[in-house]
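Residue-level structure breakdown
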Amino acid sequence: MNPLDHVEFRRQGHMIIDFLADYYENINNYPVRSQVNPGYLLERLPDHAPFIPESIESILNDVEKDIIPGLTHWQSPNFFAYFASSGSTASFLGEMLMNGFNVVGFNWLASPAATELEIVVMKWLSKLLQLPPAFSFSGGGGGVLLGTTCEAFICTLIAARDKMLDQIGRENNEKLVVYCSDQTHVGLMKAAKIVGIKPENVRQVMTTKSENYKLSPQRLEELIKRDVEAGLFPLYLCATIGTTSTTTVDPLGPLCEVSSKYNIWVHVDAAYAGSACICPEFRHFLDGVEGATSFSFNAHKWLLTNLACCCLWVKDKSALTKSLSTNSEYLKNKATESGEVVDFKDWQITLTRRFQALKLWMVLRSYGVTGLRQFLKNHVKMAKDLERLVTMDSRFEIVAPRYFSVVCFRVSPYAIHQHHGNQHEVNEFNSKLLEAINATGHVYMTQSVVDGVYFIRFSIGATLTEDRHVKMAWELVQDQATSMLGTLAPKKASNGKHMKQIEDHFM
Ligand SMILES: Cc1ncc(COP(=O)(O)O)c(C=O)c1O
């Protein structure tokens with residue numbers, strides 16, 4: 001049988017769609033966080049590939065029996081861990097089209113539609129985010145679809161590095177300095193390492209609770225001055241809109257102002273929260289982005305786009321292409337030589353690239369700007385409601401302000417000890433509480449630590465989540481806390497009062 005026989009393709013394709021439709025229909029029946037033990041699949045599956053072909057029926061049977069138990073169900077409405085990966089039918093179908101066509105659009109000629117649709121989609125998104133004209137293709141910049149934010153870090157760091165070394169000489173590579181905060185995503189450290197920045201030249205500006213864990217422009221400038229005096233070269237700053245732990249927002253305007261004095265490349269990482277900024281009421285979080293050099297966000301986190309899809313814009317496309325261009329006889333063509341086309345292979349690490357624009361195009365067209373904004377606003381409203389519920393229960397405290405759809409909370413030291421207690425014990429209590437919550441299989445939440453304080457991140461962003469799921473999850477948190485707090489637990493009547501308050505709240 002030909003592996004691309006169209007009759008079998010149709011038959012098996014329908015089977016997979018039916019299988020996945022059933023999966024979504026029954027997703028609530030699975031424990032949200034996988035309950036298997038390490039090595040479970042290695043024990044179940046044979047240790048060699050089959051010698052003779054197997055049927056799709058038999059393979060799907062094993063997916064059901066062996067693979068699904070080892071899945072953590074990120075599309076479950078009760079998934080509140082990390083940052084969600086919000087999938088959608090439109091995006092799934094866009095991926096299907098992309099996979100079906102299976103073209104490799106490394107340059108314009110290799111599939112003109114892939115390149116031009118990417119330009120169109122990046123233009124649409126840039127308008128929705130109200131990015132300044134300097135980030136557009138006509139303004140000397142432009143946007144590209146990568147896989148992940150870590151790739152955006154690497155590409156922009158390389159571009160910044162080479163631009164700087166062209167000015168100061170290659171021999172100064174060891175003197176380049178990268179700045180971020182102690183809340184910046186760890187991917188930046190890895191990217192700096194890959195790009196050849198000395199680990200001791202990555203400065204993590206310390207953040208504080210009193211400043212809501214934002215990167216302080218004053219503290220940044222102090223570090224920069226010290227480095228300049230020491231004969232080092234400030235290279236790159238990563239500012240974050242929506243940090244991973246608490247979703248705080250760094251002050252872009254003042255940070256860009258400081259950086260421009262020292263000719264520093266400013267990258268804005270809005271991996272999670274960038275999507276929200278297509279809503280007019282949240283756009284102010286990007287104020288100051290006009291002073292940045294590059295900007296990226298992950299459509300696969302919160303814009304109904306299936307994995308993986310990072311949108312990166314730069315102001316100076318030539319900085320990227322100078323560093324990342326490849327050329328070889330077999331890639332040469334008239335379109336490239338004319339200079340009239342974009343060859344996206346020169347904007348990324350790899351040569352091969354997927355036709356990702358199709359899925360974003362499908363998402364933008366299928367849900368429209370109003371649909372996307374409504375989706376985002378609903379999640380923020382759910383988080384706001386949840387935040388209010390947390391504050392209504394005096395046993396809990398909010399650990400950091402809520403900006404978007406993540407609520408950071410813990411059982412307060414006072415509820416545990418009737419006094420301010422030992423931080424270690426309070427952390428232990430909250431860690432055990434989270435484990436108890438997740439062990440039920442009904443929900444999945446994850447934790448973080450800031451300033452030595454362990455807390456639970458209730459992160460709303462899954463496509464199927466509705467008010468009732470948030471309400472159920474919060475009741476579960478309360479119930480688990482009640483049983484763990486033992487004698488300190490509210491009496492039945494007051495617990496009933498909690499429930500009544502919650503019901504009124506979500507009416
Ligand atoms: C703020 C922030 N930046 C970067 C990343 C890394 O993103 P990616 O996995 O796409 O590289 C994350 C991941 O959650 C994030 O929250």
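Numbers given for residues are sequential positions, taken from 1 along each chain in its written order. The predicted origin of the model limits local features to residues at a pLDDT of at least 70 and limits the giving and counting of side-chain atom pairs to 80 or more, whereas totals for whole chains, interfaces and linings rest on all residues.

An unreviewed UniProt entry lists the protein under the name Tyrosine decarboxylase, with Lactuca saligna given as the organism. UniProt positions are given in the numbering used here, feature names are shortened, and annotations may be inferred rather than shown by experiment. The UniProt entry for the protein carries the following comment under Cofactor (unreviewed entry): "pyridoxal 5'-phosphate". According to UniProt, the comment filed for the protein under the heading Sequence similarities (unreviewed entry) is "Belongs to the group II decarboxylase family."

The next point concerns helix 4 (residues 89-101). Going along the chain from the N terminus, every DSSP run of H or I of four or more residues is numbered as a helix, and every run of E of two or more is numbered as a strand. For a helix, the expected span equals 1.5 Å multiplied by the residue count minus one. The end-to-end C-alpha distance of helix 4, which contains 13 residues, comes to 18 Å, matching closely the 18 Å that a straight helix rising 1.5 Å per residue would cover. Using C-beta atoms placed from the backbone, we call a residue buried if 20 or more other C-beta atoms fall within 10 Å of its own, exposed if 12 or fewer do, and partly exposed for counts in between. Of all the positions in helix 4, only Ala90, Ser91, Gly94 and Glu95 are classed as buried. Buried positions in helix 4, seen along its axis, are confined to an arc of 140° and lie on one side of it. Along helix 4, exposed side chains directed more than 90 degrees from the buried face belong to Asn99 and Gly100. Two residues qualify as being in contact provided that their C-beta atoms, derived from the backbone, are within 7 Å of each other. In the core, the buried residues of helix 4 are packed alongside helix 13 (357-392). Looking one or two residues past helix 4, Asn102 carries a phi angle of roughly 50°, positive in sign. Within this analysis, the arc is defined by the directions that extend from the helix axis to the C-beta atoms.

This part takes up the sheet that holds strand 10 (residues 406-411). In any sheet, the strands associate via hydrogen bonds between backbone groups, in a parallel or an antiparallel arrangement. When DSSP finds at least two bridges between two strands, those strands are taken to pair. A sheet is described by the order of its strands in space; here five strands give the open sequence 1-11-12-10-9, paired in mixed fashion. Among the strands making up the open sheet, the edge pair consists of strand 1 (79-80) and strand 9 (396-400). In this sheet, strand 12 (residues 453-459) lies alongside strand 10 in antiparallel orientation, the contact comprising four bridges. Along strand 12, the bridge assignment pairs Cys408 with Arg457.

Look at the UniProt record and you will see "modified residue: N6-(pyridoxal phosphate)lysine" (unreviewed entry) annotated at Lys301. Secondary-structure assignment places Lys301 in helix 10 (residues 299-302).

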